[in-house]
Amino acid sequence: MSWEKCWPSRNLSGNLSAMKSTPFDSFLRSLNPIWLSTFIGCAVISTCFGQATATAGKDAFARNQSLGRGVNVLGYDPIWDAFAQGRFKQRYFKMIHDGGFDTLRVNLYPFRHMGAGPDFALSNSWWQTTDWIVTNALAAKLNVILDFHEYEITGKDAASNKAKFLAFWRQVAPHFKNAPDQVLFEILNEPNGQMTPELWNQCLAEALGIIRESNPTRTVIIGPAFWNSIDHLAELKLPEQDRNLIVTVHYYKPMEFTHQGASWAHPVPKLGAVWLGTPAEQAAIAADFNKARDWAKQHDRPIFLGEFGAYDKGEMPSRVRWTEAVARAAEKDGWSWAYWQFDSDFIVYDIAKEQWVEPIHHALIPPGGAKTP
Ligand code: BGC
């Protein structure tokens, strides 16, 4: 059976108080003392910025290694509507780092915060929130991936959203041109539907061209069409001469288990599926990952498993087994990864209880694997 994800649109619109949009380094200088106090030291960050162009991402493999273990954050947080109502609190940056993670993959839904064409200017409030996230992530020694997550709308109507999609990178890339190498761009999450492999290959080349005008040495993340599926890596055409790319794939197989009860999957998988970690189940993961490993070897590209997770409606012991198996399989192949996700659903952190969901956290970061602060 082939499962298709079909996504409800989630209302993320809204405006924050105005703050002038500035390039990221000017933004740092304009921070108020409260935010400033969150930094380990502005001098450290400024020094990093000064070195950015000299040392930026020469080796995508080394950069990928440094991404290590990550987590998806903030995609569905009300912070984008009203900063003060954010569920994600400032102290979580350090907490996530101390919990053993190296990277935040920030799921961005910017379209609702963009003005009319042809400029499609991002709102001041959007810049404010995004800069706050990037600044705090870096201060907490986390890499930060800016993941353009408007995959539903670009999948439904690729042609009429292309200008807006490119306008996003035309604004975001120059804004972060002096940011440290630890800031990475991911061009588009899960291209699907009308964003066919052929169209995606054209769009990614155009977006990468825009990014390279201002960020010649920044590492950029790109995945295959069909929801970043390993099975569609073969159709992905990357600009051959650009070696500073990391290729991303997502993994949710078997969908009958990971998406049981998920209203956005079609058809909705029945509840009650388990994953026991039998040799056959383990072998299925290995077979899928081998396909990606072979492709990566042939094309000499590093792999980032940008999403994987099992929905909260499944039973916990099975979720733990599956999550651990997938994370360890990725690490065995030298991939970096980011768990789906911190908050909202598939959660690894319970904001209501202000505590890690320990079984999932431990499955991801084996005890002893957490960093010392
Ligand atoms: C989507 C989420 C979804 C998850 C798992 C992500 O790419 O953005 O909305 O919950 O995949 O299906």
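Above this text is the structure in question.
In this text the structure is predicted, and so the values were computed from the model without any measurement.

Chemist: Describe the overall build of the protein chain, and please don't skip the residues or the numbers.
Modeler: Helix and strand counts for the protein chain come out as 14 helices and twelve strands. Residues counted as buried form 59% of the 373 residues belonging to the protein chain. Of all intrachain contacts in the protein chain linking residues separated by at least 6 positions in sequence, the fraction that spans at least 24 positions is 79%. When the accessible area of the protein chain is evaluated, it comes to approximately 14,900 Å², of which 58% is carbon and sulfur surface.

Chemist: Please set out the sheet that holds strand β3 (residues 103–108) residue by residue, giving values where relevant.
Modeler: In spatial order, the strands read β2-β3-β4-β5-β6-β7-β9-β10; together these eight strands close into a barrel with parallel pairing. Between one strand and the next, the sheet's axes are offset by a mean angle of 25°, whatever the strand orientation. Docked against the sheet, helix α12 (residues 279–299) engages β7 (245–251) and β9 (303–308), running at close to 160° with respect to β7.

Chemist: Lay out unusual backbone geometry in plain terms, naming residues and giving numbers.
Modeler: Cis geometry is adopted by the peptide bond preceding Pro267, which originates at His266 and carries an omega value of -5°. Of the consecutive residues Trp340 and Gln341, the connecting peptide bond is found in the cis state with omega at 0°. By the element assignment, Gln341 lies in the loop between β10 (336–339) and β11 (349–350). The backbone phi angle of Asp300 is positive, close to 55°, even though this residue is not glycine. The backbone of Ser344 sits at a positive phi, close to 85°, despite the residue not being glycine. With respect to the helices and strands, the residue Ser344 is situated in the loop between β10 and β11. When its relative accessible area of 43% is taken as the criterion, Ser344 is described as partly exposed.

Chemist: Provide a residue-level description of the pairing of β3, including the pertinent values.
Modeler: Extensive coverage of β3 is indicated by the burial of six of its six residues. Burial along β3 is two-sided: the residues Thr103, Arg105 and Asn107 and Leu104, Val106 and Leu108 are all buried. Pairing between strand β2 (residues 69–73) and β3: four bridges, direction parallel. Each bridged residue has a counterpart across the sheet, and for Val73 the counterpart in β3 is Val106. The parallel pair β2 and β3, bridged by helix α5 (residues 92–98), forms a crossover whose chirality is right-handed. Judged from the six bridges that link them, β3 and strand β4 (residues 143–148) form a sheet pairing that is parallel. Following the sheet pairing, Thr103 is matched in β4 by Asn143. Viewed along the sheet, the connection from β3 through helix α6 (residues 124–139) into β4 turns out right-handed.

Chemist: Can you explain the packing of aromatic side chains? Please cite residues and give values.
Modeler: Scanning the model with the defined rule gives 34 aromatic pairs in all. Between Phe168 and Trp169, the aromatic rings sit 4.8 Å apart at their centres with planes inclined by 80°, giving edge-to-face as the arrangement. Each member of the pair, Phe168 together with Trp169, is buried. Note on Trp169 and Phe185: the rings are 5.2 Å apart at their centroids and 50° apart in plane angle, and the pair reads as tilted. Highlighted residues: Trp169 in helix α8 (residues 158–175) and Phe185 in strand β5 (residues 183–186), separated in sequence by 16 residues. Classification of Trp169 by relative accessible area gives buried; the value is 0%. If you follow Arg218 out to its NZ or CZ, it ends over the ring of Phe185, 5.4 Å from the centre.

Chemist: Got a sec to walk through the nonpolar core? Specific residues and values, please.
Modeler: Core analysis: the largest hydrophobic core is formed by 106 residues, its most contacted members being Ile96, Phe165, Trp169, Ile187, Trp200 and Phe342. Considering every element that reaches this core, the biggest residue donor is α8, with eight residues. The residues contacting Ile187, other than those within four sequence positions of it, are Phe148, Phe165, Trp169, Trp200, Leu204, Ala207, Leu208, Ile211, Val220, Ile221 and Ile222.

Chemist: How would you summarise the pairing of β2 if you had to cite specific residues and measurements?
Modeler: Of all five residues in β2, five are buried, a share of seventy percent or more. The alternating pattern of β2 places Arg69, Val71 and Val73 on one face and Gly70 and Asn72 on the opposite face, and all of these are buried. By the bridge criterion, three bridges tie β2 to β10 in an arrangement that is parallel. Residue pairing across strands places Gly70 opposite Ala338, the latter belonging to β10.

Scoring rules and cut-offs
- Residues numbered from 1 in each chain as written.
- Predicted model: local features only at pLDDT ≥ 70, side-chain atom pairs only at ≥ 80, totals over all residues.
- Heavy atoms only, no water.
- Helix = DSSP H or I, 4+ residues; strand = E, 2+ residues; numbered from the N terminus.
- Buried < 20%, exposed > 50% of the residue type's maximum accessible area, 1.4 Å probe, protein only.
- Contact = heavy atoms within 4.5 Å.
- Areas by Shrake-Rupley, 256 points an atom, 1.4 Å probe, with all protein chains shown as cover.
- Pairing = 2+ DSSP bridges.
- Axes fitted to C-alpha atoms, helices over the stretch in contact; angles between N-to-C directions.
- Right-handed = clockwise from strand over helix to strand, strands pointing away.
- Phe/Tyr/Trp six-rings, centres within 6.5 Å; stacked < 30°, edge-to-face > 60°.
- Lys NZ or Arg CZ within 6 Å of the ring centre and 35° of its normal.
- Core = buried A, V, L, I, M, F, W, Y, C linked by side-chain atoms within 4.5 Å.

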